2 protein chains.
Amino acid sequence: MTYADFANAALEAAVPPAHALGVRAAEVRFGFAAATAPIEGNGNHFGVMYAGVLFTVAEVLGGLIAIPAFDQAKYYPLVKDLKITYKRPALSDVRAEASLPEETLRRIEAVAAEHGKCDFTLEATITDAAGTVVAETVGLYQLRAH
Amino acid sequence: MTYADFANAALEAAVPPAHALGVRAAEVRFGFAAATAPIEGNGNHFGVMYAGVLFTVAEVLGGLIAIPAFDQAKYYPLVKDLKITYKRPALSDVRAEASLPEETLRRIEAVAAEHGKCDFTLEATITDAAGTVVAETVGLYQLRAH
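Rules and cut-offs
Residues numbered from 1 in each chain as written. Chains lettered and ligands numbered in written order. Predicted model: local features only at pLDDT ≥ 70, side-chain atom pairs only at ≥ 80, totals over all residues. Heavy atoms only, no water. Buried < 20%, exposed > 50% of the residue type's maximum accessible area, 1.4 Å probe, protein only. Helix = DSSP H or I, 4+ residues; strand = E, 2+ residues; numbered from the N terminus. Pairing = 2+ DSSP bridges. Contact = heavy atoms within 4.5 Å. Buried area = accessible area lost by both parts, 1.4 Å probe. Salt bridge = Lys/Arg side-chain N within 4 Å of Asp/Glu carboxyl O. Expected span 1.5 Å × (residues − 1). Arc of directions from axis to C-beta. Polar contact = N/O pair within 3.5 Å; in protein donor to acceptor, adjacent residues only side chain to side chain. pLDDT = per-residue confidence, 0-100. Axes fitted to C-alpha atoms, helices over the stretch in contact; angles between N-to-C directions. Least-squares fit on C-alpha atoms with pLDDT ≥ 70 in both.

Colleague: Outline the pairing of strand S2 (residues 32–37) of chain A, supporting the account with residue identities and numerical values.
Modeller: All names here are of chain A. The buried fraction of S2 amounts to 5 of the 6 residues, a majority that puts the element mostly inside the structure. The pairing of strand S1 (residues 24–29) with S2 spans 5 bridges and is classified as antiparallel. In the sheet register, Glu-27 faces S2, and the bridge partner there is Ala-34. Between S1 and the antiparallel strand that follows it, S2, lie 2 residues; Gly-31 among them carries a positive phi value of about 90°. Pairing of S2 with strand S4 (residues 94–99), which is carried by 6 bridges, proceeds in the antiparallel orientation. Residue Ala-34 lies in a different strand from S4, and its bridge partner there is Glu-97.

Right, dumping it as C-alpha cells:
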C-alpha cells in the first residue's frame, strides 16, 4: 500500500465531503503531496470548476503531507486559516501540489513533541490539465499531539 | 417566490457541488444574505464540519447578496480571493451571514455600469446552532457586466 493509497482510505473515512467531491490523493511522499479533483460534477453553469472544490483540493494537502512526515499515532493536523487566490477559470480536471523541506518537517515534529502543537504554513499551487496555474493557496495549519 | 427561493434554484442550477453539500440560501434581501449547511454528511471523523463546507457556505454569499442588489440580466459576480479563519470546531448545522450597506451596493453597480466591472469585499461570519462564531471569511469578489 502506497502513502497515496493510505491517504485515499483516510480521506474517504475522515473527510467524506472532500471524497464525495471527487478529491483524491495522487502522490504522497516525505515532503510532498498532490491531490486531484475532476471537472465532472464540479462545474458551475459556465463549465468552470466551483471555487469550493478548488479550495478543497488544496486544503486537504495539509493532511496528506502529514501522513509520511509525522507519526500518525501521535499527531494530527488541523487547518487554522487558508487564503485562496483564483488566477484563471479551471475548465478541466485539476491538480494541487505542495511541498515542505525536510528540515521544516523535522522542526515541526520536534516543537509538537515538546509543546504539544506547532503551527506551519503550507503553500499550494493548483494547475489545470494544460499545466496552467488556476489558483494558489496559503494555509496555516497546526500539528497537534493527540 | 422569495429571493431565497430564487437563490436556491440558482444555486442548484449554477453551483451543483455547493448544492450537493447541502448549502442553502436561508435569507436573501437587499444588502443581506444568509446561507446554511447541515452537519449531517459534512462531518469529519471527529464529528466536526469539514473546512471546505464552511468555506462554501460563506463563499456563496457573494453570489446570493448580488441577487436582489444587481440586475441579474446585466451583471454576474465572481470570486477573486477568499480567506477563511477557523475559530472553533463546528459540531452542528451552521449559518453564514454577510451584509453590505446600500451606498456600497449602489457604488458597485455604478462602477460596473461605467467600467464593465467592480471589485468588492464581503466579510462573512459563520455561527453554529448555539450562535458561537466558528469561522470568519473575507472575500474579494468582482461584479462583471455580461
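Colleague: I'd love a proper account of the interface of chain A and chain B, names of residues and values included.
Modeller: Reports often express the size of an interface as the amount of accessible area lost when the parts come together. Contacts between the two partners involve 30 residues from chain A, matched on the other side by 30 residues from chain B. Of the roughly 2200 Å² buried between chain A and chain B, counting both surfaces, carbon and sulfur atoms make up 69%. The largest per-residue losses of area from chain A upon contact with chain B belong to Pro17(A), Tyr50(A) and Phe55(A), which jointly make up 26% of the total buried on that side. Where chain A meets chain B, there are 0 salt bridges.

Colleague: Pulling in residues and values, what's your account of helix H1 (residues 3–14) of chain A?
Modeller: Residues and elements named next belong to chain A. Relative to the 16 Å expected for 12 residues at 1.5 Å per residue, H1 spans 15 Å between its end C-alpha atoms, a close match to the ideal helical length. Taken together, the buried positions of H1 are occupied by Ala-4, Ala-7, Asn-8, Leu-11 and Ala-14. Buried positions in H1, seen along its axis, are confined to an arc of 150° and lie on one side of it. Turning to H1, the residues buried within the fold contact helix H2 (16–20), S1, helix H4 (61–64) and helix H5 (66–69).

Colleague: Before we move on, can you summarise the side chain of Asp128(A) with the specific residues and values?
Modeller: Residues and elements named next belong to chain A. The residue Asp-128 is located in the loop between strand S5 (117–127) and strand S6 (133–145) in this model. At 2.9 Å, the side chain of Asp-128 and the backbone nitrogen of Ala-130 are in polar contact. Those residues in contact with Asp-128 that lie beyond four places of it in its chain are Ser-92, Asp-93, Val-94 and Val-134.

Colleague: Quick one: what's the story with the confidence of the model for chain A, residue by residue and with numbers?
Modeller: The predicted coordinates should not be examined in detail at positions where pLDDT is low. For chain A, per-residue confidence averages 96 on the pLDDT scale, and residues scoring 70 or more make up 100% of the total. This prediction of the complex comes with two scores: 0.96 for pTM and 0.96 for ipTM.

Colleague: Give a detailed account of the sheet that holds strand S5 (residues 117–127) of chain B, specifying residues and quantitative values.
Modeller: Read from one edge to the other, the open sheet built from 12 strands follows the order S1(A)-S2(A)-S4(A)-S5(A)-S6(A)-S3(A)-S3(B)-S6(B)-S5(B)-S4(B)-S2(B)-S1(B), with strand pairing classed as antiparallel. Strand pairing shows two members of the sheet lacking a second neighbour, S1 of chain A together with strand S1 (24–29) of chain B, which therefore form its edges. Pairwise comparison of adjacent strand axes, ignoring direction, gives a mean angle of 20° for this sheet. The sheet contacts of helix H6 (residues 102–115) of chain A involve strand S3 (75–86), S5 and S6 of chain A, and relative to S5(A) the element is tilted by about 150°. On top of the sheet, helix H6 (residues 102–115) of chain B reaches strand S3 (75–86), S5 and strand S6 (133–145) of chain B; it is set at about 150° to S5(B), its chief contact.

Colleague: Break down the relation of the copies chain A and chain B for me, citing the residues and quoting the values.
Modeller: With an axial shift of 0.0 Å and an RMSD of 0.0 Å, the rotation relating chain A to chain B amounts to 180°. The symmetry that links the two subunits is that of a two-fold axis. The rotation axis passes nearest to the C-alpha of Lys83(A) in chain A, at a distance of 2.0 Å. Interface overlap between copies: 100% of the residues of chain A at the interface are likewise at the interface in chain B, consistent with a symmetric, same-surface contact.

Colleague: I'd like a rundown of the pattern of salt bridges, residues and numbers included.
Modeller: Residue and element names in this part refer to chain A. This structure, assessed with the given rule, holds 12 salt bridges over all chains. In this structure, the salt-bridge partner of Glu-27 is Arg-29, at a minimum N-O distance of 3.2 Å. For Glu-27, a relative accessible area of 28% translates into the label partly exposed. Note that Arg-95 and Glu-27 form a salt bridge whose closest N and O atoms lie 2.9 Å from each other.

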